[in-house]
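Structural features, examined
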Amino acid sequence: MSSPTPRYPLHRLTGQFLEPTREASYRHEIAPRVRLESSLALCVAALVFGMFSISDYHYLEPSLALTLLLAMRLVVTLSCLVLALVIGRLGDYNRRLWLHALPLWILATGIILIVLLRPDPESLSTQVTSLLVAITAFYLLIPNLLPVVTIASLYLSVGFLTAAVLVADIPVVVTLRITLLIVMANVVGFFALLRLERLQRTQFALLEEERVQNRQLVEEIARRKSLEAQLRMVAERDELTGLDSRRHFMARAEALLKRARHEKAPFSLFMIDVDHFKAINDTWGHGQGDRVLAALAETCRRSLRPQDVIGRFGGEEFIVALPDTHPRDALMVAERLQQRISDLEVMEAMPGHRLTVTIGIAGFRDENADLDALIQQADQALYAGKHAGRNRVVVSQEVRDEA
Ligand SMILES: Nc1nc2c(ncn2[C@@H]2O[C@H](COP(=O)(O)OP(=O)(O)OP(=O)(O)O)[C@@H](O)[C@H]2O)c(=O)[nH]1
């Protein structure tokens, strides 16, 4: 049975993404952390390397070898500290990989030089221990640079072993034992770091995937919201005039009337109907008829207050709810509106025709008045106006009775 292909294939030996763009974005993401970690690890390594001067001083007589050893430690320590500083500031892991490799090579060379400068077999066991610690530290303290670390560690291992065999004059069995230890440290370090590299990249890939999904989700939510807004717009607005649709008007007017009942505030309602609108359509075409309706709606919007709710009730019939308006005042408002409609510019395209409207007004009378009843009263007033010859404002019988 073949194993499924991994979604983010990684290199078997380096643990890096096979896909260059993904590897680049991973490196870009971790670059600041690598810079900080490398800089700190290097400071610690430099200080530990320098502090071994104390044991050199303790074990070696004052001699040229001691002076050279101390001088070498000083040079290595200072170089590493300077490089730690440089890496901390400029050590872009993507562009200046060599900057991260350089201190490893300096430290490795320093450790190899110790064997050459302290060739006594008694200190060899301490040096082997230090070497093993150094190899482990290379692999574990400097993650994300597996190829760099491996090459530096192999250089350190081979160099150390060669120096030990050449200078320290150790028996073959001891050499073999040291070789085995070094190989073991390298193998363990390599696989531990390889595993870490793979884990970190897999985690990164999953996180990336989650980010992409989140982004898609946010986009989808935005798309749906805009769709919802468009649908609401279509449901609430009349396309031709931009006024409230009949349904939306009813809902808004109902709320206004409820508030008026609760506050015992006046409330009026207009039914506006264009006179002889059929003749406009028949004479100048439906396009002109539409323009007249849109211009009329705009005039209503401009002439009335922002709190007045205007709706297209159907065809050439409009409806207006006027909160906090007594029918007596509504009459004046309606007459003013009627005047403005007759001055409409759109009429220039219809020479010889006078655009007029008939308006029926109903008013809020008692606490039990409902919207349908008010609409019916305004409609009856409108009908009476049409019957009486059109182009007039008629107040409903109920309001007149009350007065
Ligand atoms: N251009 C256009 N015409 C419409 C629209 N909606 C309804 N109409 C037309 O408006 C006309 C209304 O005619 P009628 O109900 O006879 O009313 P009228 O001609 O205004 O006569 P009165 O109201 O009695 O003065 C009909 O011809 C409808 O087709 C619309 O959105 N655009």
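Calculation rules
- Residues numbered from 1 in each chain as written.
- Predicted model: local features only at pLDDT ≥ 70, side-chain atom pairs only at ≥ 80, totals over all residues.
- Heavy atoms only, no water.
- UniProt positions renumbered as here; feature names shortened; annotations may be inferred.
- Patch = residues over 30% accessible without salt bridge, like charges linked within 9 Å, V, L, I, M, F, W, Y side chains within 5 Å.
- Areas by Shrake-Rupley, 256 points an atom, 1.4 Å probe, with all protein chains shown as cover.
- Salt bridge = Lys/Arg side-chain N within 4 Å of Asp/Glu carboxyl O.
- Helix = DSSP H or I, 4+ residues; strand = E, 2+ residues; numbered from the N terminus.
- Buried < 20%, exposed > 50% of the residue type's maximum accessible area, 1.4 Å probe, protein only.
- Expected span 1.5 Å × (residues − 1).
- Polar contact = N/O pair within 3.5 Å; in protein donor to acceptor, adjacent residues only side chain to side chain.

You'll find the protein entered in an unreviewed UniProt entry as diguanylate cyclase, with Halomonas alimentaria given as the organism. According to the UniProt record, the Catalytic activity (unreviewed entry) comment for the protein is "2 GTP = 3',3'-c-di-GMP + 2 diphosphate".

Digging into a nonpolar patch on the surface
Taken together, the side chains of Leu47, Met51, Ile54, Leu74, Leu78 and Leu81 define a hydrophobic patch exposed on the protein surface, amounting to about 590 Å² of accessible area. Counting only elements with at least two residues in the nonpolar patch, the list comes to α1 (20–51) and α3 (64–90). Looking at the nonpolar patch element by element, the count peaks at 3 residues for α3. Overall, the relative accessible area of 53% leaves leucine 74 in the exposed class.

Digging into helix α6 (residues 146–168)
Here α6 contains 23 residues, and its C-alpha end-to-end distance of 31 Å stays within 8% of the 33 Å for a straight helix at 1.5 Å per residue. Positive phi shows up at aspartate 169, right after α6, with a value of about 55°.

Things to note about the pattern of salt bridges
Tallied over the entire structure, the rule returns 23 salt bridges. The closest approach of N and O atoms between arginine 237 and aspartate 244, which form a salt bridge, is 3.1 Å. Residue class for aspartate 244 comes out buried when judged on its relative accessible area of 2%. Two residues, lysine 386 and aspartate 273, come together in a salt bridge whose shortest N-O distance is 2.6 Å. With lysine 386 in helix α11 (residues 371–387) and aspartate 273 in strand β1 (residues 267–274), this pair connects stretches of sequence that are 113 residues apart. There is no split in this pair, since lysine 386 and aspartate 273 are both buried. Within this structure, Glu23, Arg27, Glu197 and Arg201 form a network of salt bridges that share partners.

A closer look at the side chain of aspartate 308
You can see aspartate 308 is positioned in the loop between α9 (277–303) and β2 (309–314). Since its relative accessible area comes to 7%, aspartate 308 is described here as buried. Polar contacts involving the side chain of aspartate 308 include one to the side chain of arginine 305, which spans 2.6 Å.

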